[in-house]
Amino acid sequence: MDRIEVIGALHKVDNQIKRKIDQVALKHDLTGIQAFFLKCIYDNSNKGDLFQRDLEKMFDIRRSSVSTMISCVEKKGYIRRESIPTDKRINKIVLTEEGIKKHEEVDADLKKYKQDLLKDFSDEDIELLYNILERISENTKKE
């Protein structure tokens, strides 16, 4: 097999997983990225305040993309922006009660999907795959 074909296979699997995650999230009136967005806020809410710039770094996406995401999820009532008394230019991002409930619902379905996706793999297979993907990720950052 040509080494380059592996990247094509990786791309194909990535697209298949994204489509399935979007299908699962759609059952909860979310897109896949919105579901991950809520999960990120939920998972980091006990670590201190979360700001737009934090989400930009976590998702490795531009400010405008995060801003659009915040607005969309805020319109659905799942998050709110709270001003900071010490700096009026920035707002922390907080899940609403409805957002917490929505996250827990969609997250349960996504966990089941992910478990089913990996059910035929040993712990060693999973660890090897994870390490390979991390190495590929690091290589994408090199020039």
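Note that this is a predicted model, so its numbers are computed, not measured.

Asker: Looking at this structure, I do not really get a negative patch on the surface. What am I missing?
Answerer: Negative charge collects at one region of the surface, where Asp-123, Glu-124, Asp-125 and Glu-127 lie side by side. Note that Asp-125 resides in helix 6 (residues 123–141). Since its relative accessible area comes to 38%, Asp-125 is described here as partly exposed.

Asker: What's the story with the pattern of salt bridges in this structure? I'm lost.
Answerer: Scanning the entire structure with this criterion turns up 11 salt bridges. The salt bridge involving Lys-39 is made with Asp-43; its shortest N-O contact spans 2.9 Å. Highlighted residues: Lys-39 and Asp-43, both in helix 2 (residues 32–44), separated by four residues, approximately one helical turn. Take Lys-39: its relative accessible area is 23%, and that puts it in the partly exposed class. Between Glu-82 and Lys-92 there is a salt bridge; the shortest N-O distance is 3.6 Å. Pair noted here: Glu-82 is in strand 1 (residues 79–84) and Lys-92 is in strand 2 (residues 87–95), with a separation of 10 residues, a long-range link. The class for Glu-82 is partly exposed, based on a relative accessible area of 24%. Among the charged side chains, a salt-bridge network with shared partners connects Asp-49, Arg-80, Glu-82 and Lys-92.

Asker: What is the right way to read the packing of helix 2 against helix 4 (residues 63–75) from this model?
Answerer: Taken N-terminus to C-terminus, the directions of helix 2 and helix 4 make an angle of 85°; their axes are 11 Å apart at the nearest point. Classified by the angle between their axes, helix 2 and helix 4 sit roughly perpendicular to one another. Contact residues: Ile-33, Gln-34, Phe-37 and Leu-38 in helix 2; Met-69, Ile-70, Cys-72 and Val-73 in helix 4. Its residues assigned to classes, the contact of helix 2 with helix 4 comprises seven nonpolar, one polar and no charged.

Asker: How should the nonpolar core be read in this particular structure?
Answerer: For soluble globular proteins, nonpolar side chains are generally found buried alongside one another. Phe-37, Ile-41, Leu-55 and Ile-79 are the most contacted members of the largest nonpolar core, which totals 22 residues. Broken down by secondary-structure element, the contributors of at least two residues to this core are helix 1 (3–26), helix 2, helix 4, strand 2 and helix 5 (97–117).

Asker: Mind showing me how you'd approach the packing of aromatic side chains here?
Answerer: Working definition: an aromatic ring pair is given by the centre-to-centre distance plus the angle between the planes. Considering all chains together, one arrives at one aromatic pair under this definition. On the basis of an interplanar angle of 40° and a centroid distance of 5.9 Å, the ring pair of Phe-37 and Phe-59 is categorised as tilted. Within this pair, whereas Phe-37 is found in helix 2, its partner Phe-59 is found in helix 3 (residues 52–59), the two being separated by 22 residues in sequence.

Asker: For this particular structure, what's the right way to read unusual backbone geometry?
Answerer: Leaving glycine out, the prevailing phi sign among residues is negative, and the prevailing peptide bond configuration is trans. Although it is not a glycine, Asp-29 adopts a positive phi angle of roughly 60°. In this fold, Asp-29 is placed in the loop between helix 1 and helix 2.

Reading the values: the criteria
Residues numbered from 1 in each chain as written. Predicted model: local features only at pLDDT ≥ 70, side-chain atom pairs only at ≥ 80, totals over all residues. Heavy atoms only, no water. Patch = residues over 30% accessible without salt bridge, like charges linked within 9 Å, V, L, I, M, F, W, Y side chains within 5 Å. Areas by Shrake-Rupley, 256 points an atom, 1.4 Å probe, with all protein chains shown as cover. Salt bridge = Lys/Arg side-chain N within 4 Å of Asp/Glu carboxyl O. Lys, Arg positive; Asp, Glu negative; His and termini not counted. Charge placed at Lys NZ, Arg CZ, Asp CG, Glu CD. Helix = DSSP H or I, 4+ residues; strand = E, 2+ residues; numbered from the N terminus. Buried < 20%, exposed > 50% of the residue type's maximum accessible area, 1.4 Å probe, protein only. Axes fitted to C-alpha atoms, helices over the stretch in contact; angles between N-to-C directions. Parallel < 35°, antiparallel > 145°, perpendicular 65-115°, else oblique. Contact = heavy atoms within 4.5 Å. Nonpolar A, V, L, I, M, F, W, Y, C, P; charged D, E, K, R; others polar. Core = buried A, V, L, I, M, F, W, Y, C linked by side-chain atoms within 4.5 Å. Phe/Tyr/Trp six-rings, centres within 6.5 Å; stacked < 30°, edge-to-face > 60°.

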